[in-house]
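# A closer look at the structure
Letter by letter, the chains look like this.
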Amino acid sequence: MFKKIMVPVDLARIEQLAKALDCAADMAVHYGADICYVGVTGATPGPLGRNPGEYTERLKAFAGEQAAARGVNASHHTEIANDPTTEVDDALIRAVGAVGADLVVMGTHDPRFSDFLWPANGIRLAGHSTASVFLVRED
């Protein structure tokens with residue numbers, strides 16, 4: 001059913017993505033699908049790298065660790081945004097096409113008041129991409 005599962009990750013908050021990572025790995029094994037871990041970074045120095053190349057190396061290492069630990073085929077993809085905080089939705093929509101994902105598995109939180117004013121990332125992704133979106137509650 002699914003061939004390529006995209007998993008957006010925030011390398012600074014990996015511990016908050018445990019359920020989504022488990023779910024994506026289980027689905028990849030079940031369907032014989034590949035996983036692509038996607039990260040969004042800026043072109044300027046940040047806490048996870050001085051440039052996109054350093055960030056990509058961290059993401060590559062993360063994908064390798066996940067593949068080895070979970071027994072899945074994994075790759076990585078970095079999207080660069082001018083302001084990753086405000087442009088993450090557009091970057092993830094671009095990534096769906098870039099990696100050829102037919103399913104996105106991503107962590108989410110319980111709805112907050114601000115979500116009624118600004119839709120959560122998963123909702124925007126489901127409405128503007130060609131992939132199915134599976135949201136996993138982390139809270």
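## Quick look at the overall build of the protein
For the protein, the helix and strand inventory stands at 5 helices and 5 strands. Along the chain direction, N to C, the helices and strands of the protein fall in the order β-α-β-α-β-α-β-α-α-β. Counting across all 139 residues of the protein, residues that qualify as buried make up 41%. When contacts within the protein are restricted to residue pairs at least 6 apart in sequence, those whose partners lie at least 24 apart make up 73%. Entry remark: accessible area of the protein is about 7,700 Å², with carbon and sulfur atoms responsible for 53%.

## Some thoughts on the packing of aromatic side chains
With the rule as written, the count across this model stands at 2 aromatic pairs. Summarising the aromatic geometry, the rings of Phe2 and Tyr31 are spaced 5.3 Å apart at their centres and angled 90° between planes, so their arrangement reads as edge-to-face. Taken together, the residues Phe2 in the segment before β1 (4-8) and Tyr31 in helix α1 (residues 18-31) connect sequence positions 29 residues apart. Judged by centre distance (5.3 Å) and plane angle (80°), the ring pair of Tyr37 and Phe62 falls under edge-to-face. Here the residue Tyr37 occupies a position in strand β2 (residues 34-41), and Phe62 occupies one in helix α2 (residues 52-70), the gap between them amounting to 25 residues. The pair Tyr37 / Phe62 is uniform in exposure class, with both members buried.

## Some remarks on the nonpolar core
Of all hydrophobic cores here, the largest spans 25 residues; its most connected members are Ile5, Val7, Val9, Ile35, Tyr37 and Val105. Counting residues per element, the ones that place at least two in this core are β1, α1, β2, α2 and β4 (103-108). No other element matches α1, which puts 7 residues into this core. Those residues in contact with Val105 that lie beyond four places of it in its chain are Ile5, Met6, Val7, Pro8, Ala20, Cys23, Ala24, Met27, Phe134 and Val136. Counting 15 residues, the second largest nonpolar core, distinct from the first, contains Leu92, Ala95, Val99 and Met106.

## Digging into the confidence of the model for the protein
Mean pLDDT over the protein works out to 89, with 90% of the residues at or above the 70 mark. Confidence drops under a pLDDT of 50 for residues 112-119, and excluding neighbours within four residues, the segment shows 4 contacts in the predicted structure.

## A word on α2
With 19 residues, α2 should cover 27 Å at 1.5 Å per step; its first-to-last C-alpha distance of 26 Å lies within 8% of that length. Considered for burial, the residues of α2 that qualify are Pro52, Tyr55, Leu59, Phe62, Ala63, Gln66 and Ala67. For α2, the angular spread of the buried residues around the axis is 135°, confining them to a single face. In α2, those exposed residues whose orientation departs by more than 90 degrees from the buried face are Glu57, Glu65, Ala68 and Ala69. Elements in contact with the buried residues of α2: α1, β2 and β3 (74-80). A distance of 3.0 Å separates the backbone nitrogen of Gly53 from a side-chain oxygen at the start of α2, and that oxygen is part of Asn51. In the segment just after α2, Gly71 is the residue with positive phi, at about 70°.

How each quantity is defined
Residues numbered from 1 in each chain as written. Predicted model: local features only at pLDDT ≥ 70, side-chain atom pairs only at ≥ 80, totals over all residues. Heavy atoms only, no water. Helix = DSSP H or I, 4+ residues; strand = E, 2+ residues; numbered from the N terminus. Buried < 20%, exposed > 50% of the residue type's maximum accessible area, 1.4 Å probe, protein only. Contact = heavy atoms within 4.5 Å. Areas by Shrake-Rupley, 256 points an atom, 1.4 Å probe, with all protein chains shown as cover. Phe/Tyr/Trp six-rings, centres within 6.5 Å; stacked < 30°, edge-to-face > 60°. Core = buried A, V, L, I, M, F, W, Y, C linked by side-chain atoms within 4.5 Å. pLDDT = per-residue confidence, 0-100. Expected span 1.5 Å × (residues − 1). Arc of directions from axis to C-beta. Polar contact = N/O pair within 3.5 Å; in protein donor to acceptor, adjacent residues only side chain to side chain.

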